[in-house]
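Spelled out, the chains give:
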Amino acid sequence: AQTVTQSQPEMSVQEAETVTLSCTYDTSESDYYLFWYKQPPSRQMILVIRQEAYKQQNATENRFSVNFQKAAKSFSLKISDSQLGDAAMYFCAYRSQWGGADGLTFGKGTHLIIQP
Amino acid sequence: DAGVIQSPRHEVTEMGQEVTLRCKPISGHDYLFWYRQTMMRGLELLIYFNNNVPIDDSGMPEDRFSAKMPNASFSTLKIQPSEPRDSAVYFCASSLWTSNNEQFFGPGTRLTVL
(Lines give C-alpha, C1' and ligand atoms only; values in the text may rest on other atoms or scores of the structure.)
Protein backbone atom coordinates (compact mmCIF):
# COMPACT_ATOMS: atom_id res chain seq x y z
CA ALA A 1 0.00 0.00 0.00
CA GLN A 2 1.09 3.50 -0.69
CA THR A 3 1.86 5.95 2.09
CA VAL A 4 2.24 9.72 2.03
CA THR A 5 4.19 11.61 4.68
CA GLN A 6 4.12 15.31 5.42
CA SER A 7 6.72 15.97 8.10
CA GLN A 8 5.79 19.59 8.81
CA PRO A 9 2.59 19.84 10.87
CA GLU A 10 2.76 23.65 10.72
CA MET A 11 4.66 26.27 8.75
CA SER A 12 4.69 30.04 9.09
CA VAL A 13 5.80 32.58 6.50
CA GLN A 14 5.73 36.34 6.10
CA GLU A 15 3.40 37.74 3.49
CA ALA A 16 5.15 38.10 0.10
CA GLU A 17 7.85 35.59 1.05
CA THR A 18 8.38 32.12 -0.39
CA VAL A 19 7.60 28.91 1.49
CA THR A 20 8.18 25.26 0.66
CA LEU A 21 6.03 22.43 1.98
CA SER A 22 7.51 18.94 2.05
CA CYS A 23 5.99 15.64 1.04
CA THR A 24 7.45 12.18 0.65
CA TYR A 25 5.69 9.03 -0.44
CA ASP A 26 6.29 5.34 -0.66
CA THR A 27 5.18 3.21 -3.60
CA SER A 28 6.30 0.28 -5.69
CA GLU A 29 4.51 1.60 -8.76
CA SER A 30 6.30 3.38 -11.58
CA ASP A 31 3.34 5.34 -12.90
CA TYR A 32 1.13 7.44 -10.65
CA TYR A 33 -0.15 10.94 -9.98
CA LEU A 34 0.64 13.36 -7.21
CA PHE A 35 -1.48 16.26 -6.04
CA TRP A 36 -1.47 19.14 -3.63
CA TYR A 37 -4.86 20.11 -2.21
CA LYS A 38 -5.66 23.21 -0.20
CA GLN A 39 -8.26 23.19 2.56
CA PRO A 40 -9.16 26.65 3.91
CA PRO A 41 -11.25 27.08 7.07
CA SER A 42 -14.37 26.63 4.94
CA ARG A 43 -13.12 22.98 4.68
CA GLN A 44 -13.62 22.91 0.91
CA MET A 45 -10.92 20.77 -0.74
CA ILE A 46 -9.34 22.70 -3.63
CA LEU A 47 -6.84 21.26 -6.08
CA VAL A 48 -3.71 23.41 -6.21
CA ILE A 49 -1.44 21.49 -8.56
CA ARG A 50 -1.01 18.07 -10.16
CA GLN A 51 2.06 16.11 -11.34
CA GLU A 52 2.17 13.02 -13.52
CA ALA A 53 5.02 10.73 -12.51
CA TYR A 54 6.02 10.04 -16.12
CA LYS A 55 6.68 13.73 -16.74
CA GLN A 56 10.14 14.97 -15.83
CA GLN A 57 9.14 18.62 -15.99
CA ASN A 58 7.91 20.06 -12.72
CA ALA A 59 4.34 21.35 -12.74
CA THR A 60 3.69 25.06 -12.29
CA GLU A 61 0.46 26.97 -11.67
CA ASN A 62 1.02 30.71 -11.30
CA ARG A 63 2.64 31.23 -7.87
CA PHE A 64 2.61 27.50 -7.10
CA SER A 65 5.26 25.08 -8.31
CA VAL A 66 6.50 21.65 -7.34
CA ASN A 67 9.88 20.01 -7.02
CA PHE A 68 9.28 16.41 -8.06
CA GLN A 69 12.15 14.04 -7.35
CA LYS A 70 10.96 10.60 -8.48
CA ALA A 71 14.00 8.64 -7.36
CA ALA A 72 13.84 10.19 -3.92
CA LYS A 73 10.04 9.89 -3.85
CA SER A 74 9.76 13.51 -2.90
CA PHE A 75 7.13 16.04 -3.99
CA SER A 76 7.45 19.48 -2.40
CA LEU A 77 5.24 22.49 -3.02
CA LYS A 78 6.69 25.97 -3.35
CA ILE A 79 4.46 28.98 -2.88
CA SER A 80 5.98 32.23 -4.11
CA ASP A 81 4.87 35.71 -3.08
CA SER A 82 2.70 34.31 -0.28
CA GLN A 83 -0.66 35.97 0.17
CA LEU A 84 -3.02 36.06 3.15
CA GLY A 85 -5.46 33.96 1.16
CA ASP A 86 -2.92 31.15 1.00
CA ALA A 87 -3.43 30.43 4.70
CA ALA A 88 -4.92 26.93 4.90
CA MET A 89 -4.20 23.26 5.45
CA TYR A 90 -2.27 21.75 2.56
CA PHE A 91 -2.51 18.07 1.77
CA CYS A 92 -0.23 16.05 -0.43
CA ALA A 93 -2.00 13.14 -2.16
CA TYR A 94 -1.12 10.11 -4.27
CA ARG A 95 -3.22 8.34 -6.87
CA SER A 96 -2.37 5.17 -8.70
CA GLN A 97 -2.14 5.18 -12.48
CA TRP A 98 -4.26 2.12 -12.87
CA GLY A 99 -7.93 1.52 -12.45
CA GLY A 100 -9.00 -0.41 -9.39
CA ALA A 101 -6.97 1.86 -7.14
CA ASP A 102 -8.39 5.24 -7.99
CA GLY A 103 -8.87 6.68 -4.54
CA LEU A 104 -6.50 9.30 -3.21
CA THR A 105 -4.05 8.53 -0.39
CA PHE A 106 -3.47 11.68 1.64
CA GLY A 107 -0.74 12.87 3.94
CA LYS A 108 -1.69 14.26 7.36
CA GLY A 109 -1.41 17.84 6.15
CA THR A 110 0.60 21.00 6.84
CA HIS A 111 -1.05 24.00 8.42
CA LEU A 112 0.27 27.09 6.64
CA ILE A 113 0.15 30.41 8.50
CA ILE A 114 0.73 33.66 6.65
CA GLN A 115 2.05 36.50 8.82
CA PRO A 116 0.96 39.95 7.61
CA ASP B 1 -22.23 23.38 -12.97
CA ALA B 2 -23.25 23.31 -9.33
CA GLY B 3 -20.36 21.09 -8.28
CA VAL B 4 -20.67 18.13 -5.93
CA ILE B 5 -23.58 18.60 -3.58
CA GLN B 6 -23.71 17.07 -0.13
CA SER B 7 -26.45 17.13 2.46
CA PRO B 8 -26.81 17.85 5.23
CA ARG B 9 -23.87 20.19 5.88
CA HIS B 10 -24.08 19.50 9.59
CA GLU B 11 -25.62 16.60 11.45
CA VAL B 12 -25.87 16.14 15.20
CA THR B 13 -27.29 12.88 16.46
CA GLU B 14 -27.25 10.67 19.49
CA MET B 15 -25.41 7.41 19.83
CA GLY B 16 -27.36 4.50 18.45
CA GLN B 17 -29.30 6.52 15.88
CA GLU B 18 -29.17 5.90 12.15
CA VAL B 19 -27.43 8.56 10.08
CA THR B 20 -27.72 8.98 6.32
CA LEU B 21 -25.41 11.27 4.37
CA ARG B 22 -26.25 12.19 0.79
CA CYS B 23 -24.24 13.12 -2.26
CA LYS B 24 -25.01 14.30 -5.76
CA PRO B 25 -21.95 14.08 -8.03
CA ILE B 26 -21.17 16.36 -10.93
CA SER B 27 -23.26 15.41 -13.94
CA GLY B 28 -21.36 13.14 -16.32
CA HIS B 29 -18.81 11.98 -13.78
CA ASP B 30 -18.60 8.21 -13.51
CA TYR B 31 -16.49 7.84 -10.37
CA LEU B 32 -17.76 8.67 -6.90
CA PHE B 33 -15.72 8.56 -3.72
CA TRP B 34 -16.53 8.79 -0.02
CA TYR B 35 -13.80 10.04 2.32
CA ARG B 36 -13.73 10.62 6.07
CA GLN B 37 -11.59 13.28 7.78
CA THR B 38 -10.66 13.13 11.47
CA MET B 39 -7.93 14.79 13.48
CA MET B 40 -6.42 11.46 14.44
CA ARG B 41 -6.48 9.65 11.09
CA GLY B 42 -6.60 12.49 8.58
CA LEU B 43 -8.38 11.93 5.27
CA GLU B 44 -9.24 8.33 4.51
CA LEU B 45 -10.94 6.74 1.52
CA LEU B 46 -13.96 4.75 2.64
CA ILE B 47 -15.40 3.44 -0.62
CA TYR B 48 -15.63 4.33 -4.27
CA PHE B 49 -17.98 3.56 -7.12
CA ASN B 50 -17.51 3.34 -10.87
CA ASN B 51 -20.65 3.62 -12.97
CA ASN B 52 -22.74 3.11 -9.84
CA VAL B 53 -20.97 -0.14 -8.93
CA PRO B 54 -18.93 -0.34 -5.70
CA ILE B 55 -15.33 -1.09 -6.65
CA ASP B 56 -13.40 -0.96 -3.39
CA ASP B 57 -14.99 -0.80 0.06
CA SER B 58 -11.92 -1.91 1.98
CA GLY B 59 -11.81 1.42 3.77
CA MET B 60 -15.24 1.06 5.31
CA PRO B 61 -14.46 0.77 9.02
CA GLU B 62 -17.05 -1.83 9.99
CA ASP B 63 -20.39 -3.32 9.17
CA ARG B 64 -22.20 -0.39 10.69
CA PHE B 65 -21.22 1.57 7.58
CA SER B 66 -22.90 1.01 4.23
CA ALA B 67 -22.96 2.94 0.96
CA LYS B 68 -25.19 2.78 -2.07
CA MET B 69 -25.38 4.43 -5.44
CA PRO B 70 -28.79 3.64 -6.94
CA ASN B 71 -28.20 5.86 -9.97
CA ALA B 72 -25.59 8.09 -11.56
CA SER B 73 -26.76 11.20 -9.74
CA PHE B 74 -27.15 10.05 -6.15
CA SER B 75 -25.26 8.20 -3.44
CA THR B 76 -25.78 7.63 0.27
CA LEU B 77 -23.51 6.72 3.14
CA LYS B 78 -25.36 5.23 6.07
CA ILE B 79 -24.19 4.57 9.60
CA GLN B 80 -26.36 2.33 11.73
CA PRO B 81 -26.05 2.43 14.68
CA SER B 82 -23.90 5.53 15.05
CA GLU B 83 -21.21 5.85 17.73
CA PRO B 84 -19.31 8.88 19.09
CA ARG B 85 -16.12 7.72 17.33
CA ASP B 86 -17.91 8.19 14.01
CA SER B 87 -17.81 11.95 14.55
CA ALA B 88 -15.91 13.37 11.59
CA VAL B 89 -16.26 15.32 8.38
CA TYR B 90 -17.44 13.12 5.52
CA PHE B 91 -16.56 14.18 1.98
CA CYS B 92 -17.98 13.01 -1.28
CA ALA B 93 -15.95 13.52 -4.47
CA SER B 94 -16.50 12.72 -8.12
CA SER B 95 -14.32 12.47 -11.21
CA LEU B 96 -14.23 11.38 -14.83
CA TRP B 97 -12.96 8.01 -16.01
CA THR B 98 -9.25 8.67 -16.50
CA SER B 99 -6.99 8.36 -13.49
CA ASN B 100 -5.30 11.69 -14.04
CA ASN B 101 -8.53 13.60 -13.84
CA GLU B 102 -9.13 15.79 -10.84
CA GLN B 103 -11.42 14.63 -8.08
CA PHE B 104 -13.92 17.36 -7.29
CA PHE B 105 -14.89 17.46 -3.66
CA GLY B 106 -18.17 18.43 -2.10
CA PRO B 107 -18.31 20.79 0.89
CA GLY B 108 -18.45 17.89 3.34
CA THR B 109 -20.87 16.89 6.09
CA ARG B 110 -19.76 17.49 9.66
CA LEU B 111 -21.19 14.67 11.74
CA THR B 112 -21.32 14.85 15.52
CA VAL B 113 -22.48 11.81 17.45
CA LEU B 114 -23.22 12.54 21.09
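Just above sits the structure.
What counts, and at which threshold
- Counting restarts for each chain: residues are numbered from 1 in the order of the written sequence.
- Starting at A for chains and at 1 for ligands, labels are handed out in the order in which the entities are written.
- Two thresholds apply to this predicted model, a pLDDT of at least 70 for residue-level local features and 80 or more for giving and counting side-chain atom pairs, whereas whole-chain, interface and lining totals are computed over all residues.
- Note that the side-chain values use all heavy atoms of the structure and ignore hydrogens as well as water.
- Helix and strand definitions here come from DSSP, where helices need a minimum of 4 consecutive H or I residues and strands a minimum of 2 consecutive E residues; each element is numbered from the N-terminal end.
- The size measure is the radius of gyration over C-alpha atoms, and the globule rule it meets is 2.2 Å times the number of residues to the 0.38 power.
- Here the term buried applies to any residue with accessible area under 20% of the maximum for its type, exposed to any over 50%, and partly exposed to those in between, with areas from a 1.4 Å probe on protein chains only.
- For two strands to count as paired, DSSP must find a minimum of two bridges between them.
- For every element, the axis is a line fit to its C-alpha atoms; helices are fit only across the contacting stretch, and the angle between N-to-C directions ranges from 0 to 180 degrees.
- The rule for a disulfide is simple: a pair of cysteine sulfur atoms within 2.5 Å.
- Polar contacts, as used here, are pairs of N or O atoms within 3.5 Å; protein pairs need one atom able to donate a hydrogen and one able to accept it. Residues neighboring in sequence count only if both atoms are side-chain atoms.

## Overview of the overall build of chain B
- A tally of regular secondary structure across chain B gives zero helices and eleven strands.
- Reading chain B from its N end, one meets helices and strands in the order β-β-β-β-β-β-β-β-β-β-β.
- Here chain B has a C-alpha radius of gyration of 13 Å; the compact-globule value for 114 residues is 13 Å, and the two agree.
- By principal-axis analysis of the C-alpha atoms, chain B measures approximately 40 × 25 × 25 Å.
- A buried classification covers 49% of the 114 residues belonging to chain B.

## Some remarks on the sheet that holds strand E8 (residues 74-79) of chain B
Residues and elements named next belong to chain B.
- The strand order E1-E3-E8-E7 describes an open sheet built from four strands, whose pairing is antiparallel. Taken across any chain shown, the strands that pair with only one partner, and hence form the sheet edges, are strand E1 (5-7) and strand E7 (65-71). Within this sheet the neighbouring strands show an average axis-to-axis angle of 15°, counted without direction.
- Across five bridges, the pairing between E7 and E8 is antiparallel. Bridging from a neighbouring strand, Asn71 pairs with Phe74 of E8.

## Section: unusual backbone geometry
- The peptide bond linking Ser7 of chain B to Pro8 of chain B adopts the cis configuration, its omega dihedral lying at -10°.
- Along the chain, the position of Pro8 of chain B falls in the loop between E1 and strand E2 (10-13).
- Cis geometry is adopted by the peptide bond preceding Pro81 of chain B, which originates at Gln80 of chain B and carries an omega value of -10°.
- Along the chain, the position of Pro81 of chain B falls in the loop between E8 and strand E9 (88-95).
- Backbone geometry at Lys73 of chain A places phi at a positive 55°, although glycine is not the residue there.
- Tracing the backbone through its elements, the reader meets Lys73 of chain A in the loop between strand E8 (64-69) and strand E9 (74-79).
- The backbone of Asn52 of chain B sits at a positive phi, close to 75°, despite the residue not being glycine.
- Judged by its relative accessible area of 29%, Asn52 of chain B falls in the partly exposed class.

## Structural notes on the state of the cysteines
- Within the structure shown, the criterion is met by two disulfides over all chains.
- With its sulfur 2.0 Å from that of its partner, Cys23 of chain A forms a disulfide with Cys92 of chain A. The chirality of the disulfide connecting Cys23 of chain A with Cys92 of chain A is left-handed, given an S-S dihedral of about -70°. In this pair, Cys23 of chain A is assigned in the loop between strand E3 (19-21) and strand E4 (24-26) and Cys92 of chain A in strand E10 (residues 88-96), connecting sequence segments 69 residues apart. Accessibility classification places Cys23 of chain A together with Cys92 of chain A in one group, the buried group.
- The disulfide bridge from Cys23 of chain B ends at Cys92 of chain B, spanning 1.8 Å between sulfur atoms. Sign of the S-S torsion, about -65° for the bond between Cys23 of chain B and Cys92 of chain B, identifies this disulfide as left-handed. Remark: Cys92 of chain B occurs in strand E9 and Cys23 of chain B occurs in strand E3 (residues 19-24); sequence separation between them is 69 residues. Per residue, the accessibility class of Cys23 of chain B equals that of Cys92 of chain B, and both read buried.

## Considerations on the side chain of Asp86 of chain B
- Mapped onto the fold, Asp86 of chain B is located in the loop between E8 and E9.
- At a separation of 2.7 Å, a polar atom in the side chain of Asp86 of chain B contacts the side chain of Arg64 of chain B.

## Description of the environment of Trp34 of chain B
Residues and elements named next belong to chain B.
- Tracing the sequence through the fold places Trp34 in strand E4 (residues 31-38).
- Residue classification places Trp34 among the buried residues on the basis of a relative accessible area of 0%.
- Between the C-alpha atoms of Trp34 and Met69, which are 35 residues apart in sequence, the distance is 11 Å.
- Within the local environment of Trp34, its side chain forms a polar contact with the side chain of Ser75, the two groups lying 3.0 Å apart.

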